[in-house]
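Report on the structure
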Amino acid sequence: MRNLRFALRMFLRNPAYSAVAVLTLALGIGANTTIFSMVNAVLLKPLPYAQPERIVGVWTTFLPSGVERDIFSAANFQDLATRNHCFEATAIHSSFGYDMTSDGEPERVSAARVSPSFFQALGVSPMLGRALRPEEDVPGKDDVVVIGYGLWQRRFGSDPQIVGRTLTLSGRSYVVAGVMPRGFQYPERAQIWAPIAFDADQLRQRGAIQYDVIARLKPDVTLEQAGSEMRALGEALARDFPQDNAGMGLIVVPLHEQIVGKVRLSLLTLLAAGAFVLLIACANLANLLLASATVRYREFAIRAALGASRGRLAGQLLFESLLLALVGGSAGTLLAWWSIDLLVAMNPGDIPRLDEVTLDGQVLLFTLGISLLTGLLFGLAPALASWKSDLHDSLKDGARGTGAGINRARLRGALVCAEVSLVLVLLVGAGLMLKSFSRLHAEKPGFQPEHLLTLQVFLPQSRYQDAASRLAFHDAMLAKLQAVEGVQAAAIASPAPFSVVPYLNDADFSVMGRPVPVQGQFPIALVNRVSPGYFGTIGTPLLRGRDFTPRDDANGPQVIIINDTLARRFWPGENPVGGRLALGQSQNPSRVFEIVGVVADMKRLALSAAERPEIYFPFIQRPVSRMDVLVRAKGSPGALASAVKAQLWSVDKDLPATYLSTMDHLISESLSRPRFDAMLLAAFAGLALLLAMVGLYGVIAYGVSQRTQEIGVRMALGAQRADILRLVLSQGVLLTAAGVVAGLAISLAMTRAISGLLYGVSAFDPLTYAAVTLLITLVAMLACYIPARRAMRVDPMIALRYE
C-alpha cells in the first residue's frame, strides 16, 4: 500500500509526464482491445447453438474438375441421410427470398428452404410456437413457415399472437408455425424458414445441385471418423451413379470454420498489427521511464543509503509503471468502446457475426491482462537499470558519464531501433495492402458501370407459372422503362454482374466435332440469360458476330453468345462464330446450340475474380422468374429510382423493388472488404509511425540535454553549427538505419503470410519496400532535426557554466 500511495503521488506530481504516458497506452491498448473484440466475436466465440462443436457442413468435391467444395442435389442428399452412420441429424437448406405483400408495402425478405431436421441439426428451438414437422416436407403440406425475431419485431410489432397467422408470400398463403429466438440467423440474412418439399422428379435429378447440407455428429463420433466415412460414401455414390457423380467425393468441415474461415487471415493480420502498435508503445514508455529514472537515480541512492533494498527500489518503479498501465488501460477501454461502434458502422458486409462485437467480460479480461503485461514490459527496463546501477556513483556530481549511464543510453537506443523495425514491418504491410486495393480499384469490370441503375425482380411461381407469363412481364417491363424520360436503354439479365443476391449458374458443355470428354472432366461455363440489347445497355463490346434479336425467341434456332475467355480457350486463333456447343454431359441434339457472337469478358461478383468461360442465352428463348433489370440513364441514375419503381408497380403492384441501386455503388460495395482491411492496417501503421517517431525524438532530445556541456566545449573550440547538426543527426541516422535493416529482414519473412490478401502485388514488391524505407528515413530526420536545431543554438558560455 505504501508503494501504491507513493506511485499515485508520483503520478499526480508530474501531470504532463503522466498524460503523455496514459495517452500512449490508451492508443496502444485501445487499438488492441478493439481488434480483439472483433476477433473474439468472430473467431473465438462458439456458435450460439447447442454443442456447436458437433455441427459440420458436408460438401461434395469434384477434384478432377478442380472443384474443392460444391453443393448437393436432392437425390445425393437423400442417399447421404439414409446411408450414413456418423450423424445424429442431417439437414438440407437452400437460400432464396419471398415477396411479402401483407401488412405493408411489398418487401423482399431473405429466406431459406430447409428440411424439417434443420433446427434439430443446429440444436435450436423457436421461442414462440413450434419448429417444422417431418410430415411438412411433402408437396401440398409445405404451407407453413417459421419467421425470425427481427422480422417479427419489425414487420409485426412483436405480436404475441403471430403463431397461426396467415401471411401472403410471393402470392401464396403460409401459416406462421413459430418465431426463432433473437440472434438466430442461419443461413446468413435468412428471416423466414419454409420446408423443402421434393417431388419424385427432383429426387431423380442427381445433376441438379443447388442445396447446402449441415449435420450433427453423434456424441461418440469424431470429425476424423466422419470424414473417413464420408470419403467412402462419396466413392460409393460416384461408383453407383457415374453418369452424374463421376469424380465426386464427400468432405466434412466444422460449421464454425465454414462460416468464419474466409476472414480468419485478415482478422489475425489486424490483431498482429495491433500487437505491434502495443509493443511500440511499450518501447516508448520504457524510454520515457528510463529518462525519468536517470533524473531520480540520486533519489534512489539516498533511499538506498537510508536502508532501502534494490528489490524495494525496483519494485517501486514497477508499481509506478503498473499504475500508469491500469490508468492507460481504462482510457483505452473507453477508446475501444467508441471505436467498436465505428468498426461495426464500417462493416464491409461479408464479415460474419460482426454485429455480435461488444465489450463483454472476456474482452475486458483481455484488456486487463494486456494492461498488466504492458506495465511489466515497459516498467522492466528502468527497474532492471536501477537494480544494476551503482548507487554510490549516483551520489557523485560526475556520475553522468559512468558506464551505467552509457549502458542506459545503449538500451534506449536499442528500444528505438526495435520501434523503427516494427513500424517498418507495419508500413510495408499497409503499403502492400493499399497498393493491392489501388490495383483492384483500377481493375476494369468489362462493362461501363457509369449511369447504370439496377434492381432485382423475383416473379412468384403462383402468378408466373409458365414461360409465356414471364415473357409477358419481360416485354411489358422493358416497354415501360424505355418510355421513361431520361432512360437511354434498358435490358434484362439473369443474372447481371455484381447482383446483391448472386445466383450464378453453371453447366457442363462440350464442343461439337471434338472428342467428348470422359465423365467427370467436362469443362464448365457460367450460364446467363440476357435480353436483346443487353450488351449495348451494359456497355460490353461485341467482339465478333452479332447480338441477340427479337427473332431469337422460342420459335427461332437455338443460339448462344460466348465470352472471350471461352473463345480463346477452345478456339485459339480461330473465329468461333458458327461453331456449336452441346450442354450437359451428352451431345444430345436437343441441347446443341450455335454460336452467333463473342463478347468481351465481364467480372461477375468481384473485381479480383479471374475470368471464367461464360455462355449467354436469349432470355426470350428461355425466360426465368429471377432476373435483374438494368437501366442506362442519360444523366444521374439515382434520379430515375422513383420512376423505375413506379413502372415496376404499374406492371405488377405486388412486386417489391428489390435492391434498387446504381452499378457504381454495387461495385464499390464489392470492394468494401479489401477497403476495410487496407484502411485499418494503414491506420495502425500511421499510429505506429507516430509513436516510433515520438520515441526517436525523445531519445535524441534527451541525448542533447545530456550533452549540453560537451556541445558547449565543442563550440568553444571552434565547431560550427553545421558540425553540431551533423553530430546530432548522425545519432538518429544510425538508430534509424539499424532499425530499417532489422525491419526489412523481418518484413521479408512475414509479409508472405498476407499474400492471400493481395491482388496484383507481390508480397516482396521492391517499390513498396523502397517507398516505406524512404518515408521512415525522412520522418526520422524530421524527428531528429528539432532537437538538433536546439543543439545548434546552445550558448557556449551558458553551457560551460552548467552545474
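Residues numbered from 1 in each chain as written. Predicted model: local features only at pLDDT ≥ 70, side-chain atom pairs only at ≥ 80, totals over all residues. Heavy atoms only, no water.

Examining the overall build of the protein chain
- Of the regular secondary structure elements, the protein chain holds 24 helices and 23 strands.
- Along the longest, intermediate and shortest principal axes, the C-alpha atoms of the protein chain span 105 × 60 × 55 Å.
- Taking the average location of the 74 positive side-chain charges in the protein chain and that of its 64 negative ones, the two points are 10 Å from each other. (Helix = DSSP H or I, 4+ residues; strand = E, 2+ residues; numbered from the N terminus. Lys, Arg positive; Asp, Glu negative; His and termini not counted. Charge placed at Lys NZ, Arg CZ, Asp CG, Glu CD.)

Looking at unusual backbone geometry
- The linkage connecting tyrosine 186 with the following residue, proline 187, adopts the cis geometry, with an omega of -5 degrees.
- If you trace the backbone, proline 187 turns up in the loop between β9 (172–179) and β10 (192–195).
- Geometrically, the link from serine 494 to proline 495 is a cis peptide bond, its omega value of 0 degrees lying close to zero.
- Take proline 495: it is sitting in the loop between β14 (487–494) and β15 (505–511).
- In this structure, glutamine 51 takes a positive phi of about 45 degrees despite not being glycine.
- Position of glutamine 51 relative to the elements: it lies in the loop between α2 (15–44) and β1 (55–62).

Here we look at the pairing of β14
- Most of β14 is tucked away: 6 of the 8 residues are buried.
- Note that β14 and strand β22 (residues 626–633) share 6 bridges and pair antiparallel. Bridging across to β22, alanine 491 finds its partner in leucine 630.
- Note: β14 against strand β16 (residues 524–530), 2 bridges, orientation antiparallel. Looking across to β16, one finds that serine 494 is bridged to arginine 529. (Buried < 20%, exposed > 50% of the residue type's maximum accessible area, 1.4 Å probe, protein only. Pairing = 2+ DSSP bridges.)

Re a nonpolar patch on the surface
- A surface patch of nonpolar side chains, about 340 Å² in accessible area, is lined by Leu326, Leu365, Leu368 and Leu372.
- Take the nonpolar patch: its biggest share by element is 3 residues, from helix α12 (residues 361–388).
- By secondary structure assignment, the location of leucine 365 is in helix α12.
- The exposure class assigned to leucine 365 is exposed, which follows from its relative accessible area of 58%. (Patch = residues over 30% accessible without salt bridge, like charges linked within 9 Å, V, L, I, M, F, W, Y side chains within 5 Å. Areas by Shrake-Rupley, 256 points an atom, 1.4 Å probe, with all protein chains shown as cover. Salt bridge = Lys/Arg side-chain N within 4 Å of Asp/Glu carboxyl O.)

Concerning the packing of helix α3 (residues 74–83) against helix α6 (residues 223–240)
- As a packed pair, α3 and α6 sit with axes 11 Å apart at the nearest point and diverge in direction by 130 degrees. In terms of orientation, α3 and α6 fall into the oblique class. Classified by chirality, the crossing of α6 by α3 is right-handed. Facing Asn76, Asp79, Leu80 and Arg83 of α3, the residues of α6 in contact are Glu229, Met230, Leu233, Ala236, Leu237 and Asp240. (Axes fitted to C-alpha atoms, helices over the stretch in contact; angles between N-to-C directions. Parallel < 35°, antiparallel > 145°, perpendicular 65-115°, else oblique. Left-handed = near helix turned anticlockwise from the far one by under 90°. Contact = heavy atoms within 4.5 Å.)

Quick notes on α6
- The terminal C-alpha atoms of α6, which comprises 18 residues, lie 25 Å apart, in line with the 26 Å expected from a rise of 1.5 Å per residue.
- Of all the residues in α6, the buried ones are Ala226, Gly227, Met230, Leu233, Gly234, Ala236, Leu237 and Ala238.
- Those residues of α6 hidden inside the fold are in contact with β1, α3, β4 (87–100), β11 (209–217), α7 (242–245) and β12 (248–254). (Expected span 1.5 Å × (residues − 1).)

Topic: the pairing of strand β7 (residues 144–147)
- The two faces of β7 match: Val144 and Val146 on one face and Val145 and Ile147 on the other face are all buried.
- Summarising the sheet, β7 and β10 pair through 2 bridges and their orientation is antiparallel. Counted as the bridge partner of valine 146 is tryptophan 193 from β10.

Remarks on the packing of aromatic side chains
- Per the stated rule, a full pass over the model turns up 17 aromatic pairs.
- Geometrically, the ring pair formed by phenylalanine 118 and tyrosine 186 is stacked, given 6.2 Å between the ring centres and 10 degrees between the ring planes. Residue phenylalanine 118 is located in helix α4 (residues 118–122), and its partner tyrosine 186 is located in the loop between β9 and β10; the two are separated by 68 residues in the primary sequence. The pair formed by phenylalanine 118 and tyrosine 186 is uniform in burial state, with each residue classed as buried. (Phe/Tyr/Trp six-rings, centres within 6.5 Å; stacked < 30°, edge-to-face > 60°.)

Observations concerning the environment of threonine 768
- As for its position among the elements, threonine 768 is in helix α23 (residues 766–792).
- Along the backbone, threonine 768 and methionine 248 are 520 residues apart, and their C-alpha atoms lie at a distance of 44 Å.
- Apart from the residues lying within four places of it in its own chain, the contact partners of threonine 768 are Val428, Gly431, Leu432 and Lys435.

Things to note about the environment of serine 755
- When you line up the elements, serine 755 lands in the loop between α22 (721–750) and α23.
- Measuring from C-alpha to C-alpha, the distance between serine 755 and glycine 718 comes to 55 Å, with 37 residues separating the pair along the chain.
- In this structure the side chain of serine 755 is engaged in a polar contact, spanning 2.8 Å, whose partner is the backbone oxygen of arginine 752. (Polar contact = N/O pair within 3.5 Å; in protein donor to acceptor, adjacent residues only side chain to side chain.)

Quick word on the pattern of salt bridges
- In total, this model carries 20 salt bridges according to the counting rule given.
- The salt bridge partner of aspartate 765 is lysine 435, with a shortest N-O separation of 2.8 Å. Highlighted residues: aspartate 765 in the loop between α22 and α23 and lysine 435 in helix α14 (residues 403–442), separated in sequence by 330 residues.
- By relative accessible area, which is 12% here, aspartate 765 ends up buried.

Comments concerning helix α21 (residues 708–716)
- For α21, the full list of buried residues reads Ile711, Gly712 and Met715. For α21, the buried positions fall inside an angular range of 100 degrees around the axis, keeping them on one side.
- A positive backbone phi angle near 115 degrees is found at glycine 718, which sits one or two residues after α21. (Arc of directions from axis to C-beta.)

Describing the nonpolar core
- Of all hydrophobic cores here, the largest spans 99 residues; its most connected members are Met38, Tyr534, Tyr616, Leu696 and Ile776.
- Of the residues forming this core, the biggest block, 16 residues, is contributed by helix α20 (residues 672–706).
- Sequence-distant contacts of tyrosine 616, that is, excluding residues within four places in its chain, are made with Asn528, Val530, Tyr534, Phe535, Phe548, Val559, Ile560, Ile561, Asn563, Val599, Met602 and Arg604.
- Within the second largest apolar cluster, 24 residues are counted, among which are Val56, Ile196, Leu237 and Val252. (Core = buried A, V, L, I, M, F, W, Y, C linked by side-chain atoms within 4.5 Å.)

What about the side chain of threonine 34?
- Mapped onto the secondary structure, threonine 34 falls in helix α2.
- Take threonine 34: its relative accessible area is 7%, and that puts it in the buried class.
- Those residues in contact with threonine 34, other than ones at most four positions away along the chain, are Ala336, Ser339, Ile340 and Leu343.

A few points about a positive patch on the surface
- Among the surface-exposed residues, Arg2, Arg5, Arg9, Arg13 and Arg312 lie close enough to one another that they form a single positively charged patch.
- If one sorts the elements of the positive patch by residue count, helix α1 (residues 2–13) sits on top with 4 residues.
- Mapped onto the elements of the fold, arginine 5 is located in helix α1.
- On the basis of relative accessibility, which here comes to 46%, the residue arginine 5 falls in the partly exposed class.

Considering the confidence of the model for the protein chain
- Predicted confidence across the protein chain gives a mean pLDDT of 85, with 91% of residues reaching 70 or more.
- The low-confidence segment residues 397–404, where pLDDT is below 50, has 9 contacts with residues more than four positions distant or belonging to other chains. (pLDDT = per-residue confidence, 0-100.)

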